[in-house]
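Per-entry structural report
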Amino acid sequence: MQKSPLQIARQSYQPKMPVALQGAVRLVEGEKTQSVADQEEIQKLFPNTYGLPIITMEPTTGKNHCDKPFNVGVILSGGQAPGGHNVISGLYDGLKALNPNNKLYGFLGGPSGLIDGKYQELTAAIIDEYRNTGGFDIIGSGRTKLEETWQFDNGIEICKKLVSRSAKNSVSRQLSSSVVTTRTPTLAYLLSTISRNNAASKSSAARRLSTATSRTR
């Protein structure tokens, strides 16, 4: 595709970043959170996320780096929004700054990409085509509702099987983290559940939550 001078100039723009994100940052844990009401009931529904502390980021003089490479998955959910592409571009840049061998995977078409196993690795060539452009076109979006037990179980298995092999050391590694831009709490809950180690508790937690899905748009 032939790009206009305006498109070329726009893609070269560097968004301004807050001081806390310019270089190394330190994560500081604050007070634990709680719901304004029905604390015990909500804690039962969200055992892996309820009560987590407030996290703030502060600049440090150190340098961010991780020796062990890891994979991150990203999902866009809901309607179009102008900042979607730069959210993903920022994730990619941050991951590569931490370790050039880190990888970012995009689940295609929103939450359905997670449960159907449709994803692709987001490379520099792909990312650079979408920098500073509006929309969710880079990986698409969707409004799939996560309501059935099989959807939760499928999502968990897909992330467990999403591995990459390094050409240098042939080490397999599972998807380490997931980032989701959504207003659907059940999807965010599923991704937080995936990060737990006990497969049995993941499945049972998903089944409990499947009966209490919140419909949001």
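Everything in this summary refers to the structure shown in the same document. Within each chain, residue numbers correspond to sequence positions counted from 1 in written order. A pLDDT threshold of at least 70 governs which residues receive local features in this predicted model, and a stricter bar of 80 or more applies before side-chain atom pairs are shown or counted, although totals over entire chains, interfaces and linings include all residues. To get the side-chain values, take all heavy atoms of the structure and skip hydrogens and water.

**What about the overall build of the protein chain?**
When you go through the protein chain residue by residue, the secondary structure sums to eight helices and eight strands. Expressed as a percentage of the 217 residues in the protein chain, the buried residues total 33%. Contacts in the protein chain between residues far apart in sequence, at least 24 positions, make up 75% of those at least 6 positions apart. A run of H or I in DSSP counts as a helix once it spans at least four residues, and a run of E counts as a strand once it spans at least two, with each numbered from the N terminus. Per-residue accessibility, obtained with a 1.4 Å probe over protein chains only, is compared with the maximum for each type, and a residue is labelled buried under 20%, exposed over 50%, and partly exposed between these values. Throughout, a contact is declared for two residues whenever any of their heavy atoms are within 4.5 Å.

**What about helix 3 (residues 84-98)?**
Counted at 1.5 Å a residue, the expected span for helix 3 with its 15 residues is 21 Å, and the 22 Å between its end C-alpha atoms agrees. Residues of helix 3 that are buried sit in contact with strand 3 (71-76), strand 4 (103-107) and helix 5 (124-130). One fewer than the residue count of a helix, multiplied by 1.5 Å, yields its expected span.

**Here's the deal with the environment of Gln39**
Locating Gln39 in the fold gives a position in helix 2 (residues 39-45). Overall, Gln39 belongs to the partly exposed group, its relative accessible area being 28%. Sequence spacing of Gln39 and Tyr50 is eleven residues, and the spatial spacing of their C-alpha atoms is 8.9 Å. With sequence-adjacent residues up to four places away left out, Gln39 is seen in contact with Gln34 and Tyr50.

**Here's the deal with the side chain of Ser35**
With respect to the helices and strands, Ser35 occurs in the loop between strand 1 (25-32) and helix 2. Those residues within four positions of Ser35 in sequence are excluded, and the remaining contacts are Ile42 and Tyr50.

**Quick notes on the pattern of salt bridges**
One side chain can pair with another of opposite charge once the charged atoms of both are near each other. By definition, a salt bridge exists where a carboxyl oxygen of Asp or Glu is found within 4 Å of a side-chain nitrogen of Lys or Arg. By the definition in use, this model includes five salt bridges. Residues Arg26 and Glu58 are paired through a salt bridge, measuring 2.7 Å at the closest nitrogen-oxygen approach. Taken together, the residues Arg26 in strand 1 and Glu58 in strand 2 (residues 53-59) connect sequence positions 32 residues apart.

**Considering the nonpolar core**
For our purposes a nonpolar core is just a set of buried Ala, Val, Leu, Ile, Met, Phe, Trp, Tyr and Cys residues, chained together by side-chain atoms within 4.5 Å. The biggest cluster of nonpolar side chains holds twelve residues, and these are Val72, Val74, Leu76, Ile88, Tyr92, Leu95, Leu104, Leu122, Ile127, Phe136, Ile138 and Ile139. Mapped by element, the contributors of at least two residues to this core are strand 3 and helix 3. Tyr105, Phe107, Leu114 and Cys159 belong to the second-largest nonpolar core, a separate cluster that totals six residues.

**Some details on the packing of aromatic side chains**
The pairing test for Phe, Tyr and Trp rings, Trp by its six-membered ring, is centres within 6.5 Å, and the orientation test on the planes gives stacked under 30 degrees, edge-to-face over 60, and tilted for anything in between. All chains considered together, the criterion is met by two aromatic pairs. Between the aromatic rings of Tyr105 and Tyr119, the centroid separation amounts to 5.9 Å while the plane-to-plane angle is 85°, which identifies the pairing as edge-to-face. Pair noted here: Tyr105 is in strand 4 and Tyr119 is in strand 5 (residues 119-121), with a separation of 14 residues, a long-range link. We classify Tyr105 as buried; its relative accessible area is 6%. The rings of Tyr105, Phe107 and Tyr119 are connected pair by pair, giving a single aromatic cluster.

Read these as geometric descriptors, not functional statements.
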